[in-house]
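Observations on the model geometry
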Amino acid sequence: MWRATALTLFPEMFPGPLGHSLAGKALKEGVWSLAAVDIRRFAKDRHGTVDDAPFGGGAGMVMKPDVLSAAIEAVAEPGVPKILLSPRGAPFSQARGRELAARPGVLLVCGRFEGVDERVIEAHALEEISVGDFVLSGGEIAAMTVMDCCVRLLPGVMGEPASASEESFEDGLLEYPHYTRPAIWSGPDGTERRVPEVLVSGHHGKVAEWRMRQREEITRRRRPDLWARRRNATRNEEK
Ligand code: SAH
């Protein structure tokens, strides 16, 4: 069983969306487990203090190193990566999600306020992961994002194993467009919209070729960064 542990000041936020649909079903079936542990339980005083003013001044509060460190020590397990959700971290990716899904589980530390005391990051060698170049008010949604990505990659969670390998990012390309019935649909402006002819042709080879061309075209236009990386990778393979 893949084990996710979240250290948070808001354990009641979990499992939240992860209690539903694909991830929720897998949780109920015991494919993975989730423990949301309240950092406040490790506070040293009777007020349950978890934060304090920053040395050097400035706005906001900082999560105390003694409290957070005690919490990490209490739940850390050998072989389980210790991650701090942080806008300063390495950008999260499908590739990192795949790696984490192959481990026994993850420990995800959710920051709040201005963040955590730097010494905790050093002392526990926390890996900092960001879910994007924007600032959230806490690490919980970011932690759920990482968990969700990992869980759907666990064996048996997704219906068809093939559906994972053809998805966006798995091979550096975005996904092709999807269509379902009806084959002809009139949108709100009354314009008749038809499904691309090739998809109803029944010719699997042509469908695959069309989809690959769509993926390349969409990636090239929308994500020049991914496109450039893929071109470099293919070039290196040819060498
Ligand atoms: N002062 C910080 C922002 C703190 S936001 C800064 O300027 O970088 C509070 C907490 O939310 C962070 O400690 C982190 O755990 C979480 N968080 C915010 N944005 C995030 C992001 N893009 N990715 C991952 N975690 C994030």
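One structure accompanies this document, and this report is about it. (Residues numbered from 1 in each chain as written. Predicted model: local features only at pLDDT ≥ 70, side-chain atom pairs only at ≥ 80, totals over all residues. Heavy atoms only, no water.)

1. Side note on the pattern of salt bridges
Taken as a whole and judged by the stated rule, the model has 18 salt bridges. E77 is the partner of R3 in a salt bridge, and the nearest nitrogen-oxygen pair spans 2.5 Å. Placement of R3 in strand β1 (residues 2-8) and of E77 in the loop between α2 (65-75) and β5 (82-91) is noted, with a sequence separation of 74 residues between them. Residues E29 and K25 are paired through a salt bridge, measuring 3.4 Å at the closest nitrogen-oxygen approach. (Salt bridge = Lys/Arg side-chain N within 4 Å of Asp/Glu carboxyl O. Helix = DSSP H or I, 4+ residues; strand = E, 2+ residues; numbered from the N terminus.)

2. Some remarks on the site of the ligand
Taken together, 18 residues surround the ligand, and among them L85, G111, E114, F134 and L136 come closest. In this structure, a nitrogen atom belonging to the ligand sits 2.8 Å away from a main-chain N or O atom of F134. Within the backbone of G138, a nitrogen or oxygen atom sits 3.4 Å from an oxygen atom of the ligand. Relative to its unbound accessible surface of 560 Å², the ligand loses 83% to contact with the protein. Going through the elements one at a time, β5 and β7 (127-130) are the ones with two or more residues in the shell around the ligand. (Near = heavy atom within 4 Å. Polar contact = N/O pair within 3.5 Å; in protein donor to acceptor, adjacent residues only side chain to side chain. Areas by Shrake-Rupley, 256 points an atom, 1.4 Å probe, with all protein chains shown as cover.)

3. Focus on the pairing of β1
Sheet faces and side chains relate simply in a regular strand, where the side chains alternate between the two faces. Among the seven residues of β1, six are classified as buried, and the element is accordingly described as predominantly covered. The parallel pair β1 and strand β2 (residues 32-38), bridged by helix α1 (residues 21-28), forms a crossover whose chirality is right-handed. (Buried < 20%, exposed > 50% of the residue type's maximum accessible area, 1.4 Å probe, protein only. Right-handed = clockwise from strand over helix to strand, strands pointing away.)

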